[in-house]
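Chain residues, written in single-letter form:
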Amino acid sequence: MEEGVTATQVVFWILAVVMLISAIGVVTAGNIVYAALFFIASLAGVAGIYLILTVEFIALVQLLIYGSAVVILILFALMLTRARERPQALFGRSRPLGIAAALGLLAALIGGIVATTWTTPESSTAFEPVGLQAIGDAIFTLWIVPFIIVGVLLSIALDGAIMLASPDEDDN
Amino acid sequence: MPPLEHILVVNAVLFAIGAMGVLTRRNAVLILLSVELMLNAVSLNMVAFAVYGHVDFGNITGIVFAFFIIVIAAAEVALALGIVVRTFRNRATANVDEVNLLKW
Amino acid sequence: MVLSEFAGVSMPDWIDALLRIIFIVALMTIMAFALIYLERKILARFQARVGPTRTGPIGTLQSIADALKLIAKEDVRPITADRWAFELAPYMAFVPVFLVFVPMPFTETWFIRDLNLGLLFVFGVLGLNIVGVVMAAWGSDNKYALLGGVRAAAQAISYEIPMLLIIVAVVMVAAGRLAVDGDASAAGSINAIVGDQTTTPYILLQPLGFFIFIIGMLAELHRPPFDMPIAESEVVGGYFVEYSGMRWGMFFLAEYTALFLLVVLASSLFLGGWNWPFGADVGLGLQIVLTFVKTSVLIVLVIGSRALFPRLRIDQLMSFSWKVLLPFSIIQVIANGIILAYGGPDWVVGLVSFGLLVALSGLVYYIMRRKQGEGTRTVQTTPATPRVITAPEVTPVEAGGD
């Protein structure tokens, strides 16, 4: 990677900056719905980075599952818990401690990344885009047991969510 | 494509931001959002390792893992939001530090 | 592809991209104008009126007059509205819908890009526009807008699931058929699916799929009978109640664009798009005529449903998606999987799907018969016991004294 900055890298850094600024917005926004909207921007940045990494399938799955379903669920929850009517402190008492811990974690992670010597892959073979069929083959042959477990997990989660959210018999 | 280290550093920053949100917020929904940020950082890492060929099982594995992480995150959101809504209905609060009935 | 072929010259990539964007916006605006005019005319005919006649020959310039009025209108923002959410919401609702244009095949070679994951792209991107709707609903600081937005969101995620499962079923059939020619991995591309329908449109193979797709499409577009999110008599217009002028116009444009694009998608997936019944060998002119004839039939169907069906209730809408459409689409996917895995011929696929459609219709008919008159049922309550109001005991004050 000594040939200087390419257009892909520029796009990557733009997306990364958008993603990180929105992420900071998520954790610091004073308005609870703004946090959710920042979250969408952050997700879009992540999807863009997936595109740069040439995994279109994951990028689209990200948009489909996170972009619409998860975000809508979260906005629902915010409205059901009356986000707007009750202004209140959004941060706990342990805020300084939390910030310090997060910074420590960041330092440790970046230290670890910098200290490791990463082998540069052979650029001709490693960057070949992965086809949809290859992903499908991997999921349904090599990883079929986790796939089935995820399916069971999803149905249990569906049942559990319905159980939790349905009103009690004696509610009214 | 950007060097692997750059992607890893960006993901580490995203992960740390998510961790900060989990540690500082008191609203359960916002904590959930921060957890989602951390999960996103992890799945980005998985994909980055896969694309750069650092996985023993071949390039696909990391991508499949990212796929599983996204799917499980969806299940987790559904359940966690069910719990939050239920808590709000019972105790009229979505703040985790006010749900302290079992704490002493 | 499309534009450089037209011009017959090679051009730099960014000019090509720019021209494509301009082409999309221009075409979609014209289509929206035409659809608005058509809707007014068709609805008028249903109601024994003639519709707009004054502006231009038989009223054809009515949409342009409407647009001019909208542009000239004052753009009002309520003072309690949330500034950022309110201002950005129309764009969030509008941009994803226009992006969906990219993989739509109008003829064999006319599309912006033939994406290999075209179908996933359509639903992944189209789902984002609901974020704009919810932003508008929350940002308007209006109870009715919020109600409409929550309804729209609930409806969108409920009907997206059976639609996506049905798309999976269609892609399974397409992959099975394309595998005969060699390349099953192209089955996610819309153009490849259309290319496979030279002799058999997929409506014959997946009639249940077509039915569920049309239902889901009506629900996603908030068209009657699924128009609770924008029902004027219930939520006074829904999530865009506080918008006026061009911002309102953008919601409107997004809705009609989505209508056009989903109808093109339906005709590509189920009616053979540019391909059936003449095949790929006829000229591009006939192909585009075919696409537009099929699209127009579906559009008349969609617009006519507004005049034909009364609005459902929100609970009926949700139950219909989760209790009827979702199980049937799952059964369809499983049935397709079993038939295709054992190499069943096409007519078995079509017959099973048709049987499922008959079963669905029968179930709906049975439920409707059983519930007939339920809406007018008198609620049995125990008669209220008259409350006896007793005067508080007044302790007599002893008169007199010492």
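In this text, all values refer to a predicted model and were calculated from it rather than measured experimentally.

**Regarding the domain arrangement of chain C**
All names here are of chain C. What the domain assignment reports for chain C is domain 1 (1-72) and domain 2 (75-372). Distance from the C-alpha centre of domain 1 to the C-alpha centre of domain 2: 21 Å. At the interface, 21 residues of domain 1 touch 27 residues of domain 2. Contact between domain 1 and domain 2 buries roughly 2300 Å² in total, counting both sides, with carbon and sulfur atoms accounting for 84%. Three residues stand out in domain 1 for area buried against domain 2, namely M28, E39 and L70, and they jointly supply 25% of the buried area on that side. Between domain 1 and domain 2 we count two salt bridges in total. One can count three residue pairs in polar contact (both at pLDDT 80 or more) joining domain 1 with domain 2. Mapped by element, the contributors of at least two residues to the side of domain 1 that touches domain 2 are α1 (2-7), α2 (13-46) and α3 (62-72). It is α2 that provides the largest number of residues to the side of domain 1 that touches domain 2, a total of 15 residues.

**A look at the packing of aromatic side chains**
A full pass over the atoms with the stated rule returns 22 aromatic pairs over all chains. Consider the rings of W143 of chain A and F65 of chain B, whose centres lie 5.6 Å apart with planes at 90°: the pair is edge-to-face. Pair noted here: W143 of chain A is in the loop between α6 (132-142) and α7 (144-165) and F65 of chain B is in helix α3 (residues 60-91), and the two residues belong to different chains. Taking relative accessible area as the criterion, W143 of chain A reaches 16% and is therefore assigned buried. Using a relative accessible area of 35% as the deciding quantity, one classes F65 of chain B as partly exposed.

Cut-offs and rules
Residues numbered from 1 in each chain as written. Chains lettered and ligands numbered in written order. Predicted model: local features only at pLDDT ≥ 70, side-chain atom pairs only at ≥ 80, totals over all residues. Heavy atoms only, no water. Domains from an automatic or database assignment. Contact = heavy atoms within 4.5 Å. Buried area = accessible area lost by both parts, 1.4 Å probe. Salt bridge = Lys/Arg side-chain N within 4 Å of Asp/Glu carboxyl O. Polar contact = N/O pair within 3.5 Å; in protein donor to acceptor, adjacent residues only side chain to side chain. Helix = DSSP H or I, 4+ residues; strand = E, 2+ residues; numbered from the N terminus. Phe/Tyr/Trp six-rings, centres within 6.5 Å; stacked < 30°, edge-to-face > 60°. Buried < 20%, exposed > 50% of the residue type's maximum accessible area, 1.4 Å probe, protein only.

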